[in-house]
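Fold and contact review
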Amino acid sequence: MYFWWMILGFQAVWFSCAWGISHHYPLLPLLVSLVYLNSYISKQSPKKLAYLFLLRILFYGFLLDSTLGLFGFIVYESAYPKPLEWLQPWWMSLLWLSFAASAKASFFWLEKRLPLAVVLGAISGPIAYFSGQKLGAFITLDILGYAVLSIGFAVIMYLTIKALTKQQTPLQ
């Protein structure tokens, strides 16, 4: 049951962020992600490793999203005021934390298929952002932005799978 909660719960967080922010319900992503992340942390042992893993993936996502913003590839809904509007918004941080929490359940089958993980990251990352753009979570992402995003997600998937295999923790 926990496996399915981790898979479907991430989808709930994703939708609550993309839809909630674009429809001006900022508490929705906050509440949904806090429930999801709390359920993840409650099952982890040792908790310190789980927190470090979450922060590592959050850092990768922050670098990717903020770089896209800095170079003008993306403009987020309800971003920060100038001159910080290029920074990854808080709700994207919740998404990256939830992505990290779902990684073991979602990607365990890719641990020995690293090249496939990279290809799937390069494809699925842009699809997720395209869907978020259609829901109004951010304003613009042009074709070059999607190319940079694809490369960034390929790298993040590689790093995520490497971090998972380094942890050597069973699916929990």
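1. Description of the environment of Tyr51
Within the fold, Tyr51 resides in helix α3 (residues 47–70). Its relative accessible area of 45% is what places Tyr51 among the partly exposed residues. Taking the C-alpha atoms as reference points, Tyr51 and Thr67, 16 residues apart in sequence, are found 24 Å from one another.

2. Regarding helix α2 (residues 27–42)
With 16 residues, α2 should reach 22 Å at 1.5 Å per residue; the first-to-last C-alpha distance of 22 Å fits that figure. Those residues of α2 not exposed but buried are Pro29, Ser33, Tyr36, Leu37, Ser39, Tyr40 and Ile41. Buried positions along α2 lie against α1 (2–22), α3 and α4 (90–107).

3. Thoughts on the confidence of the model for the protein
Averaged over all residues, the pLDDT of the protein is 90; the fraction at 70 or higher stands at 95%. Strand β2 (residues 138–141) is the least confidently modelled element of the protein, averaging 74 in pLDDT, while α2 averages 96, the highest of any element.

4. So, the pattern of salt bridges
Inspection of every chain in the model, using the stated rule, returns 1 salt bridge. Its salt-bridge partner being Lys104, residue Glu111 comes within 2.8 Å of it at the nearest N-O pair.

5. A closer look at the packing of aromatic side chains
The tally for this structure, following the rule as stated, stands at 14 aromatic pairs. Ring geometry for Tyr76 versus Trp91: centroids 6.1 Å apart, planes at 80°, classification edge-to-face. Taken together, the residues Tyr76 in strand β1 (residues 74–76) and Trp91 in helix α4 connect sequence positions 15 residues apart. A relative accessible area of 3% means that Tyr76 is categorised as buried. For the pair Trp96 and Phe99, a centre-to-centre distance of 5.4 Å together with 75° between the ring planes defines the contact as edge-to-face. Placement of the pair is Trp96 and Phe99 together in helix α4, with a separation of 3 residues, close to one helical turn. You can call Trp96 buried: its relative accessible area is 3%. The aromatic ring of Tyr2 is capped on one face by Lys43, whose charged end is 5.6 Å from the ring centroid.

Cut-offs used in this document
Within every chain, residues take consecutive numbers counted from 1 along the sequence as written. Reporting of local features is limited, given that this is a predicted model, to residues whose pLDDT is at least 70; pairs of side-chain atoms are given and counted only at 80 or more, and all residues count toward the totals for whole chains, interfaces and linings. Hydrogens are left out, water is left out, and the side-chain values use all remaining heavy atoms of the structure. Counting from the N terminus, the helices are DSSP H or I runs at least four residues long and the strands are E runs at least two residues long. For each residue, the accessible area found with a 1.4 Å probe, counting protein chains only, is set against the maximum for its type, and the residue is called buried under 20%, exposed over 50%, and partly exposed in between. Here a helix's expected span is defined as the number of its residues, less one, multiplied by 1.5 Å. Contacts are residue-level and defined by heavy atoms, with any inter-residue pair within 4.5 Å sufficient. Confidence of the predictor at the level of single residues is captured by pLDDT, which takes values from 0 to 100. Here, a salt bridge means any side-chain nitrogen of Lys or Arg that lies within 4 Å of a carboxyl oxygen of Asp or Glu. Note on aromatic contacts: the rings of Phe and Tyr and the six-membered ring of Trp form a pair at centre separations within 6.5 Å, being stacked when their planes are under 30 degrees apart, edge-to-face when over 60 apart, and tilted otherwise. Both a distance and an angle decide whether a charge sits over a ring: NZ of Lys or CZ of Arg must be within 6 Å of the ring centre and within 35 degrees of the ring normal.

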